[in-house]
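# Observations on chain architecture
Okay, here's what each chain looks like letter by letter:
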Amino acid sequence: MYLSWIIPAYNEEHRIAKTLREVGAYLKSKNFPGGYEIIVVNSASRDRTADVVRGLTTQIANLKLIDVDNRGKGWAVKQGMMAARGDIKAFADADNSVSVEQADAFIPLVCTGTSPDCFDIVIGSIEVPGAMVEEQAQWYRRLLGKLSKLVIRAVSGLWEIHDSQRGFKFFSRRAAGIVFPRQTLVGWGFDFEILLIGKRHHLMIKELPVKWVNPPDSKVKLSAYATTLIELLRIKWNDLRRMYR
């Protein structure tokens, strides 16, 4: 199988159908050699997310649903990655805040064994030249976001990566096999943990600009910033103990 597209979902009944139709139409149009799969990882949603996805399996080709415990976004992504079969394994957010067609710039850069000029991990970023942002969040959320990125870069050991938090990341099969079995965090901090694992294993990481539309009903609560700081310190401690090597 050529590509696995993974979507972690929690209480997404109002927007998951639109996202899945857009993703399904995009992937179908590409005629990938070996085909593709769309995996929705439902984190014990308390609404009708699972029912909506099941109802779409007869309309959207190669759509699958995995139900997991609600242990965090990182847990959902990890379970999806471990179950995925593609030579390229990607995950994106359920709100389609980075629209699926932007994958056109990412997929050709991921190593699949056919090109020497490729990368093991390709990630979306709003902090590199060419990025565009449609921001609908409050000013203090924007400020916290900027500050948190600087702290993450300074503390994590990922200074060269300007934006580790975008939910639009692509992994080669080899990279996913190295990174996700070693992932320990299941909350918001998993993004920079998986990138640090990749770096410690000398995987090639490429950061590409994306257009990001931040919806006003973000599920990221202010308490998530404090939680992320704690997770950042855990990652630093793990790295000092050489757990990721």
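Quick look at the structure, then. (Residues numbered from 1 in each chain as written. Predicted model: local features only at pLDDT ≥ 70, side-chain atom pairs only at ≥ 80, totals over all residues. Heavy atoms only, no water.)

Two side chains bearing opposite charge may form a pair once their charged atoms approach each other closely. Overall, the coordinates contain 16 salt bridges when judged by the stated rule. Among the ionic pairs, Asp 87 bridges to Arg 173, the shortest N-O distance being 3.3 Å. Of this pair, Asp 87 sits in the loop between α3 (73-83) and β4 (88-92) while Arg 173 sits in helix α5 (residues 173-179), and the two are 86 residues apart along the sequence. As a salt-bridge pair, Lys 169 and Asp 191 come within 2.8 Å of each other at their nearest N and O atoms. (Salt bridge = Lys/Arg side-chain N within 4 Å of Asp/Glu carboxyl O. Helix = DSSP H or I, 4+ residues; strand = E, 2+ residues; numbered from the N terminus.)

A few words now on helix α1 (residues 16-30). Its 15 residues place the ends of α1 21 Å apart at the C-alpha level, agreeing with the 21 Å of an ideal helix rising 1.5 Å per residue. Just downstream of α1, Asn 31 is the residue with a positive phi angle, here 50 degrees. (Expected span 1.5 Å × (residues − 1).)

Throughout the structure, instances matching the rule amount to eight aromatic pairs. Summarising the aromatic geometry, the rings of Phe 171 and Phe 180 are spaced 5.0 Å apart at their centres and angled 70 degrees between planes, so their arrangement reads as edge-to-face. For the pair Phe 171 and Phe 180, a shared accessibility class is recorded, and that class is buried. Site record: aromatic cluster; members linked through ring pairs are Trp 5, Phe 106, Phe 168 and Phe 170. (Phe/Tyr/Trp six-rings, centres within 6.5 Å; stacked < 30°, edge-to-face > 60°. Buried < 20%, exposed > 50% of the residue type's maximum accessible area, 1.4 Å probe, protein only.)

Our focus in this paragraph is the pairing of strand β5 (residues 121-125). Counting buried positions along β5 yields five of five residues, so the element is predominantly enclosed. In this sheet, strand β7 (residues 168-172) lies alongside β5 in antiparallel orientation, the contact comprising three bridges. Bridge assignment links Ile 123 to a residue of β7, and that residue is Lys 169. Looking at chain direction, β5 and strand β8 (residues 205-209) are connected through five bridges and run parallel. (Pairing = 2+ DSSP bridges.)

To continue, consider the environment of Val 77. Mapped onto the secondary structure, Val 77 falls in helix α3. Since its relative accessible area comes to 0%, Val 77 is described here as buried. With 19 residues separating them along the chain, Val 77 and Thr 58 place their C-alpha atoms 24 Å apart. If we skip the residues at most four places from it in the chain, Val 77 touches Pro 8, Phe 91, Phe 180 and Phe 190. (Contact = heavy atoms within 4.5 Å.)

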